[in-house]
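# Residue-level structure breakdown
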Amino acid sequence: MFGGTILFLMNDIVRDGDPVLRAVAKNVEFPLSDEDKKLAHDMMEYLENSQTPELSEKYGLRPGVGLAAPQVGVSEMMAAVLVPSNDENDDTPVFKEVIINPVIVSHSVQPTALSEGEGCLSVDKDVPGYVVRHDRITVRYQDMNGEKHQIRLRDYPAIVCQHEIDHLNGHLYYDLINKKEPFSLPDKNTVVID
Ligand code: NB4
Ligand code: NI
């Protein structure tokens, strides 16, 4: 009825405490190996499945808009991002890409944070607080075909990409939460996104 085979389940997601989440991932070489191609497709399929209510419910998938290779135990610079459309009359995603070897080459001074804070498929506990990030970023990455891209992202998609790129460098979202005052915003110009 919905989609094909389920590739990754919650059981496959590495949880906080596993050293792979704290390692700096290895650069990926091109052409992609068959294993890496499958990994890229499987990660994107997890996101698609997890955003399909019937499937996320049936298989107990936590919904996700991003997934980084270290989260499935592979220490490589690869992450899937699927930011769905916010227009009910158009289901074209805002951003859908497997980003490989991504680097943030420049960013705004202006900070941003999600009003509800962040969650992570690899972190079972809830850590409340603002995760302050760059509001606008320029990211250089390669796609699955090895084509090089340099794109600008802002607000929500920029936050998602920063969360994923952080994973590739061994960082978790709660590292960025102010321990004493989790909901303080030192910069008055922070864009808070609902
Ligand atoms: C990555 C995100 C955490 C904050 C913001 C949000 C969800 C994740 C983690 C920034 C990146 C996964 C990867 C959501 C979610 C909104 C869109 C579409 C329909 C449900 C879905 C729910 F699921 N975070 N989960 N966490 N991560 N928005 N949405 N909705 O995606 O750990 O490293 O399906
Ligand atoms: Ni995460």
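Everything here concerns the structure above.
Here's what I pulled together on the structure shown here. Keep in mind it's a predicted model, so treat the numbers as computed, not measured.

### Some remarks on a negative patch on the surface
- A cluster of acidic side chains, namely Asp-87, Glu-88, Asp-90 and Asp-91, defines a negative patch on the protein surface.
- You can see Asp-90 is positioned in the loop between strand S2 (78–83) and strand S3 (95–107).

### Things to note about the coordination of the nickel ion (ligand 2)
- Of the protein atoms, only Cys-120 (SG), His-163 (NE2) and His-167 (NE2) coordinate the nickel ion (ligand 2), at distances of 2.1 to 2.4 Å.
- We note that the donor set of the nickel ion (ligand 2) lies within a single chain, spaced as C-x42-H-x3-H. Residue Cys-120 is located in the loop between strand S4 (111–114) and strand S5 (133–134), and its partner His-167 is located in helix H3 (residues 155–168); the two are separated by 47 residues in the primary sequence.
- Residue classification places Cys-120 among the buried positions, given a relative accessible area of 2%.

### Let's talk about the packing of aromatic side chains
- Evaluation of the coordinates by the stated rule reveals two aromatic pairs.
- Ring geometry for Tyr-130 versus Phe-183: centroids 5.0 Å apart, planes at 80°, classification edge-to-face. On the criterion of sequence distance, the pair formed by Tyr-130 in the loop between S4 and S5 and Phe-183 in the loop between H3 and strand S8 (191–193) is long-range, its members being 53 residues apart.
- For Phe-183, a relative accessible area of 45% gives the class partly exposed.
- Summarising the aromatic geometry, the rings of Tyr-173 and Tyr-174 are spaced 6.0 Å apart at their centres and angled 75° between planes, so their arrangement reads as edge-to-face. Both residues of the pair, Tyr-173 and Tyr-174, belong to the buried class.

### Considering the site of ligand 1
- Residues in contact with ligand 1 amount to 17 residues; listed here are only the nearest, Val-65, Gln-71, Leu-121, Glu-164 and His-167.
- In this structure, a nitrogen atom belonging to ligand 1 sits 3.1 Å away from a main-chain N or O atom of Pro-63.
- Backbone polar atom of Val-65 to an oxygen atom of ligand 1: 2.7 Å apart, as the coordinates give it.
- Starting from 680 Å² of accessible surface for ligand 1 in isolation, the protein chains cover 76%.
- Judged by the proximity of its atoms to the pocket grid, ligand 1 belongs to the largest pocket.
- Of the residues forming the shell around ligand 1, the biggest block, five residues, is contributed by H3.

Calculation notes
- Residues numbered from 1 in each chain as written.
- Chains lettered and ligands numbered in written order.
- Predicted model: local features only at pLDDT ≥ 70, side-chain atom pairs only at ≥ 80, totals over all residues.
- Heavy atoms only, no water.
- Patch = residues over 30% accessible without salt bridge, like charges linked within 9 Å, V, L, I, M, F, W, Y side chains within 5 Å.
- Areas by Shrake-Rupley, 256 points an atom, 1.4 Å probe, with all protein chains shown as cover.
- Salt bridge = Lys/Arg side-chain N within 4 Å of Asp/Glu carboxyl O.
- Lys, Arg positive; Asp, Glu negative; His and termini not counted.
- Charge placed at Lys NZ, Arg CZ, Asp CG, Glu CD.
- Helix = DSSP H or I, 4+ residues; strand = E, 2+ residues; numbered from the N terminus.
- Donors = N, O, S within 2.8 Å, 3.2 Å for Na, K, Ca; no water.
- Buried < 20%, exposed > 50% of the residue type's maximum accessible area, 1.4 Å probe, protein only.
- Phe/Tyr/Trp six-rings, centres within 6.5 Å; stacked < 30°, edge-to-face > 60°.
- Near = heavy atom within 4 Å.
- Polar contact = N/O pair within 3.5 Å; in protein donor to acceptor, adjacent residues only side chain to side chain.
- 1 Å grid on protein atoms, 1.4 Å probe; cavity = no way out; pocket = protein on both sides within 12 Å on 5 of 7 lines; lining within 4 Å.
- Sits in = over half its atoms within 2 Å of the grid points.

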